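Close look at the chain arrangement
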Amino acid sequence: MERLDQQVLNAVQRWSAAGRRFALVTVARTWGSAPRPPGAWLALRDDGAVQGSVSGGCIEDDLIERMRDGRLAAQAPFRLDYGVTKAEAERFGLPCGGSLELVVEPNPDPVLLADLYARIGSGQLVRRVVDLGRGLVSIEDGLPGPTLSWDGQVLATLHGPRWRLLIIGAGQISTYLAQMAQALDYQVSVCDPRIEYSAGWEVAGAPWVPGMPDDAVLAMNPDPRTAIVALTHDPRLDDMALLEALKSPAFYVGALGSHLNNRKRKERLLEYFDLGREEVERLHGPVGLAIGSRTPPEIAVSILAEMTAVKRLGGTPAASAEYRELVVSLAGCGIP
């Protein structure tokens, strides 16, 4: 779960325990340069206190006013649009062409929110559905894939444990990857049994995991919000991590190396380890999108770009390979 979502759920837990009334607002759809993405949450208490955000501030001010004067007193969830006209976009500080569709739950069920909080805390992936036509809210088991769907009547959002990244190897690429992943709200850890690398690891907030890579993967207990990236370029270490990672429900497993090395790696995994063809084909290798990266920070960008594509769009190693082939073909045609 992203930290902002966690803060919203923590707040509504406190407000509910104190007997306060509150509303829950979700960004369902945006057009133009909207300040906050679809799925962003705002909790609004009866006295105007807020937690979370759906814009840069002006829309929050209007929602607070609506809460105070009773316009958010309805029982059933409803849709609320902002920035439909140019004048309204200017009034609420939205960029030119920007607009928001919000789903407002004036009286969310605290029992359901407590259940959502508990299930996330236990490591489950949960799908929350708000049906405006029926006026119903439900939660159910979630599956990896798009984090939000909205057809104008039914809003479904995916919630779960915080996104995690385990990096095998502590070289230069790992340092940049860890720092960039933290900026994207990943909980990052690194494992590298090589003493000469452990002494130099200095990324704050990204703890060093002792032991061998396969043990580190098992101890992490990967879930569908976990990514595992092997960057040592040493098959004696990378293959150990991949052996366990590819059998896990981790949403992304990648390994550094050339096309030739990746092909040989897959052959080893199939021949010498207890892995099936389908499990081995989950491996993203060469790791990262083909963006012409050469330096360690550029390679880190390409890895995070591919992780984001898989996270948001459900991309596969095959899709990544198709993208690489497209880049190569465009380059051959003189297109940069």
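Values in this document were obtained by computation on a predicted structure and should not be read as measured data.

**Side note on the sheet that holds strand 8 (residues 148-150)**
Pairing within the open sheet is antiparallel, and its four strands lie in the order 7-6-9-8. The open sheet terminates on both sides in strands that have one partner only, identified here as strand 7 (136-141) and strand 8. Averaged over all pairs of adjacent strands, the angle between their axes in this sheet comes to 15°, without regard to strand direction. Alignment of strand 6 (residues 126-131) against strand 7, held across six bridges, turns out to be antiparallel.

**Some details on helix 2 (residues 58-68)**
Residues Ile59, Glu60, Asp62, Leu63, Ile64, Arg66 and Met67 constitute the buried set of helix 2. Looking one or two residues past helix 2, Gly70 carries a phi angle of roughly 90°, positive in sign.

**A short note on the side chain of Arg66**
By the element assignment, Arg66 lies in helix 2. Here the side chain of Arg66 touches Asp62 through a polar contact of 2.7 Å, side chain to side chain. Filtering out sequence-adjacent residues up to four positions away, Arg66 remains in contact with Arg71, Leu72, Leu80 and Tyr82.

**Section: the nonpolar core**
Residues Leu165, Leu177, Tyr186, Val229, Leu231, Ile303 and Met307 are the most contacted members of the largest nonpolar core, which totals 27 residues. Those elements that provide at least two residues to this core are strand 10 (164-168), helix 5 (172-183), strand 11 (187-191), strand 12 (226-230) and helix 11 (296-313). It is helix 11 that provides the largest number of residues to this core, a total of six residues. The residues touching Leu177, leaving out its near neighbours within four places in the chain, are Leu165, Ile167, Val229, Leu231, Ala300, Ile303 and Leu304. Grouped together as the second largest cluster of nonpolar side chains are 20 residues, Met220, Ala245, Leu269 and Leu283 included.

**Quick look at the confidence of the model for the protein**
Mean pLDDT over the protein stands at 86; residues scoring 70 or higher make up 86%. For the protein, helix 12 (residues 317-332) is the element with the lowest average pLDDT, namely 48, and strand 12 is the one with the highest, namely 97. Of the regions scoring below 50 in pLDDT, residues 323-336 engages in eleven contacts with residues more than four places distant in sequence or in other chains.

**A look at the packing of helix 8 (residues 235-245) against helix 9 (residues 259-272)**
Running from N to C, helix 8 and helix 9 cross one another at 60°; their axes reach a closest spacing of 11 Å. As judged from the angle between their axes, helix 8 and helix 9 are oblique. The hand of the helix 8/helix 9 crossing is right-handed. Contacts from Pro235, Asp238, Asp239 and Leu242 of helix 8 reach helix 9 at Arg265, Arg268 and Leu269. Per-class residue counts for the contact of helix 8 with helix 9 are three nonpolar, no polar and four charged.

Analysis parameters
Residues numbered from 1 in each chain as written. Predicted model: local features only at pLDDT ≥ 70, side-chain atom pairs only at ≥ 80, totals over all residues. Heavy atoms only, no water. Pairing = 2+ DSSP bridges. Helix = DSSP H or I, 4+ residues; strand = E, 2+ residues; numbered from the N terminus. Axes fitted to C-alpha atoms, helices over the stretch in contact; angles between N-to-C directions. Buried < 20%, exposed > 50% of the residue type's maximum accessible area, 1.4 Å probe, protein only. Polar contact = N/O pair within 3.5 Å; in protein donor to acceptor, adjacent residues only side chain to side chain. Contact = heavy atoms within 4.5 Å. Core = buried A, V, L, I, M, F, W, Y, C linked by side-chain atoms within 4.5 Å. pLDDT = per-residue confidence, 0-100. Parallel < 35°, antiparallel > 145°, perpendicular 65-115°, else oblique. Left-handed = near helix turned anticlockwise from the far one by under 90°. Nonpolar A, V, L, I, M, F, W, Y, C, P; charged D, E, K, R; others polar.

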